Amino acid sequence: TVSVEAGSTVVTASQPMNLDSGERVRIGLDRFESYVADDDDNDDLESANTFRIKDAWTGESTTGLKLWKKDYDRVIALSRGALSSTTVKEMQAESLFILARVHHIRDEMQEAAKFYDRACKLAPHLSPARFGLAQTLIWAESYEEATAHLKLVLGTSANATDALAALGLLEAKSGKNRREAFSYLKKAIDLDPLNPDLQILEALALQQQEADYSKSLECYRKAIRLMESRGNDPPAEILTNMGVLCHETKQYKDAEEYYARALRTLDKDGSEKSSLAVDEDAVRHKDNALFWNYVDTGVKAKADGTQLTVDGT
């Protein structure tokens, strides 16, 4: 069992637990889920029975809670057994979908795509499998194929917010029909207005055109307000894009603030790994980055009143 305090990201277990960074866990019976924080985030914890999660505990301070983690090897074994023990196409498709999800979660995208594709061929109306296939096609940069599959998903699940948002972003990037693209995004946000990931996807779509930079910035601001209301810090990639948008729209003070926050976030995390806990971390895709990368130039600056002294190698 584990204990947690209200608003804290620190979890204390009754005994040492074998958990990996990024592993998804569930705490208690109220379906609170989060991810185990990176090893660097746990360096300040003194006890071997203590670890940190990415999201702050939303309930009251509690002890004696159960903790669940996913045993993916067992999932694979059971799914393969189910696949080989039936000739019913729909049941085979479900097993293939579960296998695909495990590979997807493990970032084994090529294997995931194969199982998603087989599942879709056996059960064409299995929307979760088709959406997963679309995600792997986006990863492979096969955008037209991904768009076609997302439209098929919406044909059977018209209110699938993830599919609407992903399709809206792809259509916006293609530049073929921006009005239709933003109609998809607007519908997704109307269905789930408190989801920060949907606001981020709209911001990414808007930043494709210079004329929409101000609207994109406002979407990012909405997203980080929603994140912070849940006790989550925005990742450096988002803050950096916001800095660039402010820079390009001549809001230099705001740009400086967002760049500085992005650098502090990178220093805190100890890496450039995004803190977005979503399967499709679109903000990290190279096509969606307005900024290349932060580098250590070896230049040191020292302020003395109104004078800035630079010492570089």
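Residues numbered from 1 in each chain as written. Predicted model: local features only at pLDDT ≥ 70, side-chain atom pairs only at ≥ 80, totals over all residues. Heavy atoms only, no water.

Asker: Summarise the pattern of salt bridges; cite the residues concerned and give the values.
Answerer: Evaluation of the coordinates by the stated rule reveals twelve salt bridges. For glutamate 33, the salt bridge is made with arginine 24, and the minimal N-O distance between the two is 2.6 Å. Looking at glutamate 33, the relative accessible area reads 24%, which means it is partly exposed. Between arginine 26 and glutamate 33 there is a salt bridge, with the nearest N and O atoms lying 2.8 Å from each other. A relative accessible area of 26% means that arginine 26 is categorised as partly exposed. Salt bridges linked by common partners bring Arg24, Arg26 and Glu33 together as one network. (Salt bridge = Lys/Arg side-chain N within 4 Å of Asp/Glu carboxyl O. Buried < 20%, exposed > 50% of the residue type's maximum accessible area, 1.4 Å probe, protein only.)

Asker: Provide a residue-level description of the packing of aromatic side chains, including the pertinent values.
Answerer: Summed over the entire model, instances satisfying the criterion amount to two aromatic pairs. Taking 4.9 Å as the distance between ring centres and 70° as the angle between the ring planes, the aromatic pair formed by phenylalanine 32 and tryptophan 57 counts as edge-to-face. Of this pair, phenylalanine 32 sits in strand β4 (residues 32–35) while tryptophan 57 sits in the loop between β5 (50–52) and β6 (62–65), and the two are 25 residues apart along the sequence. On the basis of relative accessibility, which here comes to 11%, the residue phenylalanine 32 falls in the buried class. Since its relative accessible area comes to 9%, tryptophan 57 is described here as buried. When the ring of phenylalanine 97 is compared with that of tyrosine 116, the centres are 6.2 Å apart and the planes differ by 45°; the resulting orientation is tilted. Highlighted residues: phenylalanine 97 in helix α2 (residues 89–105) and tyrosine 116 in helix α3 (residues 109–122), separated in sequence by 19 residues. The class of tyrosine 116 is buried, set by a relative accessible area of 0%. (Phe/Tyr/Trp six-rings, centres within 6.5 Å; stacked < 30°, edge-to-face > 60°. Helix = DSSP H or I, 4+ residues; strand = E, 2+ residues; numbered from the N terminus.)

Asker: Hey, could you go over the sheet that holds strand β3 (residues 24–27) for me, with residue numbers and the actual values?
Answerer: Read from one edge of the open sheet, three strands run β4-β3-β7, paired in antiparallel fashion. At either margin of the open sheet sits one strand with a lone partner, and together these are β4 and β7 (67–69). Going across the sheet, the axis of each strand differs from the next one's by a mean of 30°, ignoring polarity. (Pairing = 2+ DSSP bridges. Axes fitted to C-alpha atoms, helices over the stretch in contact; angles between N-to-C directions.)

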